[in-house]
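Given next are the chains, with one letter for each unit.
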Amino acid sequence: MASPSIMQLSSLSRRSLSTRSPAQLLRSARPLRSSGLSQQSFQRTARRSYADAAPSSSPAPKPKKRFRFLRWTWRLTLLTGVGLTGVLAHSIYDLRQPPEQFHPDPEKKNLVVLGTGWGAVSLLKKLDTENYNVIVISPRNYFLFTPLLPSCTTGQVEHRSIMEPIRNITRHKKASVKFYEAEATKIDYENRKIFISDDSEIKGDISHTEVPFDMLVVGVGAENATFGIKGVKENSCFLKEVGDAQKIRKRIMDCVETAMFKDQSPEEVKRLLHMVVVGGGPTGVEFAGELQDFFNDDLKKWIPEIKDNFHVTLVEALPNVLPMFSKQLIDYTESTFKEELITIRAKTMVKNVTDKFIQAEVTKPDGSKEIETIPYGLLVWATGNAVRPLVRDLMNQLPAQKNSRRGLAVNEYLVVNGAENVWAVGDCAVTNYAPTAQVASQEGAFLARLFNTMAQTEEVEKELKHLSDLQSQAKGNEERNQILDEIRERQKQLRRTKQIGPFQYSHQGSLAYIGKERAVADISWLSGNIASGGTMTYLFWRSAYLSMCFSTRNRVLVTVDWIKAKLFGRDVSRE
């Protein structure tokens, strides 16, 4: 038999001898002596093979933990992005695929809702429409997210991005909701009727009719208050509706282009480029900030000739702006406006308005007063609310409303004083709270809970009456006891449903954009408030408003508008 070669032995050593000690290798060498391999040669070969194999028997070095945290962070980010994309896709699909609706029982009560503002839409969103025949009447067929309306005036956000069609809301309810795009001209409380008028340009055979109601919610809002000052209505731009924002946007560019007209006098150029905002509340402050941003970021780049004459002035009758905020935030806002070169004219009360200037009574530091003339190209009136004629007419029909001046006085359940089955929400209702969108939204949600509870209560009471009739006709004690047990259960359910308390407003805080990518926030937290201002607050302002948008559609559109404005700037075209 041929002797094994050194190469064969080396291969054997690597396979089977690497785990043996030198002594074990020597003992196992005896059977191989007959093969002609000397003991010394074998020992040398075995030692060499063992030495070569020894390092492989030691544990392999562990891989270094480099970038492990970054890998897991990337994976988590990727999974989060995929999850959010899935949620967004599902939300859009639900929005585009409304379910089948059924018509409620015509014998149920007619619940008529006037308006499509914050209070009315919040009510519709949470109302169980199966319990009533719901009818919505409003001259506009959409809900408007008013906090971002100042951004529409300069093109930061497009107006359709903050509009939600009312049929997108009503179409997703279980039971169908009727909507009439019409103006409510009169509420006949005694006969329980509402007279409505179709004011659209295209008229049908019937443009005036009436709608009966069993329950009525008035949420028509308020008009702009002019305080009886001459010339305000004729010469001012307001900021309550989409049309107002579009008018302001055109007027800004009209003033700029007219100022650039050939042979225009220097005095006229200064007047045309002087933008005056009356009202130091959140709306006026935010518009002034947006307008100055529009000038700094876009207008003076494309029309550099206006940079020395363009100026924004904020006029306020009170000693300071944003009176609902803390002193710290008021000072921060005023210092920011000073940096942006926005002039604040506090203690200045407008007395008269013409097409080219306003006359205002200015209170000086020594307490003396004088009349000053302030020329302007654009005048935006952003102060106060006034009662609508429809609401005023209803107040005149109710003796309990004779002392009310600012709107319909309501009780703790938002029931109109002196009326039955009539409720009021939003700016047309007089409560102990400021007329803000936040208050109106909570009032609408409260009424939805109240109406749902009332419907449940009526249903339980019907069942109790039916069980009572059955109990009186029971033939045996066992059947009678069984019915009595059911009556007790219904009574417990009735007590639970009747436990809804009066309306209580929960203030979540106040926000305002002040320009230069800064904002101020006065947020309620636990038992106190958090006051902050700056760039981080601006990011919070954006995220808060984005989350408050009514639908996924609005959030996506507003986000796209912000990105578009950041990349390409605001549009300086007139239309």
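Residues numbered from 1 in each chain as written. Predicted model: local features only at pLDDT ≥ 70, side-chain atom pairs only at ≥ 80, totals over all residues. Heavy atoms only, no water.

Per an unreviewed UniProt entry, the protein chain goes by NADH:ubiquinone reductase (non-electrogenic) and derives from Aspergillus wentii DTO 134E9.

A.B. asks: Just give me the short version of the overall build of the protein chain, but keep the residues and values in it.
C.D. replies: A tally of helices and strands in the protein chain yields 17 helices and 25 strands. Taking all 575 residues of the protein chain together, 43% fall into the buried category. Of the contacts made within the protein chain by residues no fewer than 6 positions apart, 66% connect residues no fewer than 24 positions apart. Of the accessible surface of the protein chain, which amounts to about 32,300 Å², a share of 54% is contributed by carbon and sulfur atoms. (Helix = DSSP H or I, 4+ residues; strand = E, 2+ residues; numbered from the N terminus. Buried < 20%, exposed > 50% of the residue type's maximum accessible area, 1.4 Å probe, protein only. Contact = heavy atoms within 4.5 Å. Areas by Shrake-Rupley, 256 points an atom, 1.4 Å probe, with all protein chains shown as cover.)

A.B. asks: How would you summarise the sheet that holds strand β15 (residues 348-353) if you had to cite specific residues and measurements?
C.D. replies: Sheets are built from strands that pair by backbone hydrogen bonding, the pairs being arranged parallel or antiparallel. With respect to topology, 3 strands assemble into an open sheet ordered β15-β16-β17, the strand pairing being antiparallel. A strand with exactly one partner marks an edge of an open sheet, and here the two such strands are β15 and β17 (369-375). Averaged over all pairs of adjacent strands, the angle between their axes in this sheet comes to 30 degrees, without regard to strand direction. (Pairing = 2+ DSSP bridges. Axes fitted to C-alpha atoms, helices over the stretch in contact; angles between N-to-C directions.)

A.B. asks: Now, about the environment of asparagine 224: what can you tell me, with residues and values included?
C.D. replies: Here asparagine 224 shows up in strand β10 (residues 223-224). Distance from asparagine 224 to lysine 240, taken between C-alpha atoms, is 7.9 Å for residues 16 residues apart in sequence. Every residue in contact with asparagine 224, bar those within four places of it in the chain, is listed here: Phe238, Lys240, Gly384 and Ala386.

A.B. asks: So what about the sheet that holds strand β2 (residues 133-138)? Which residues, and what values?
C.D. replies: Strand order in this open sheet of 5 strands is β5-β2-β1-β9-β21, and the pairing throughout is parallel. The strands lining the two open edges of the sheet, one partner per strand, are β5 (178-181) and β21 (422-424). Averaged over all adjacent pairs, the angle separating strand axes in this sheet is 15 degrees, with direction ignored. With 3 bridges joining them, strand β9 (residues 215-218) and β21 adopt parallel strand pairing. Residue pairing in the sheet places leucine 216 in a bridge with valine 422 of β21.

A.B. asks: Just give me the short version of the packing of helix α4 (residues 68-96) against helix α17 (residues 552-568), but keep the residues and values in it.
C.D. replies: When two helices pack together, their arrangement is given by the angle between the helix axes and by the axis-to-axis distance. The interhelical angle for the contact between α4 and α17, taken along N-to-C directions, is 120 degrees, at an axis separation of 9 Å. Taken together, α4 and α17 sit at an angle that is classed as oblique. Touching Leu88, Ser91, Ile92 and Leu95 of α4 are Thr552, Arg553 and Val556, all from α17. In terms of residue class, the contact of α4 with α17 is made up of 4 nonpolar, 2 polar and 1 charged. (Parallel < 35°, antiparallel > 145°, perpendicular 65-115°, else oblique. Nonpolar A, V, L, I, M, F, W, Y, C, P; charged D, E, K, R; others polar.)

A.B. asks: Kindly report on the confidence of the model for the protein chain, identifying the contributing residues and their values.
C.D. replies: Per-residue pLDDT for the protein chain averages 86, and the proportion of residues at 70 or more is 85%. Of the regions scoring below 50 in pLDDT, residues 1-7 engages in 6 contacts with residues more than four places distant in sequence or in other chains. (pLDDT = per-residue confidence, 0-100.)

A.B. asks: Can you tell me about the side chain of threonine 336, naming the residues and giving the values?
C.D. replies: Structurally, threonine 336 is set in helix α12 (residues 327-339). Only 2.9 Å separates the side chain of threonine 336 from the backbone oxygen of tyrosine 332, close enough to count as a polar contact. (Polar contact = N/O pair within 3.5 Å; in protein donor to acceptor, adjacent residues only side chain to side chain.)

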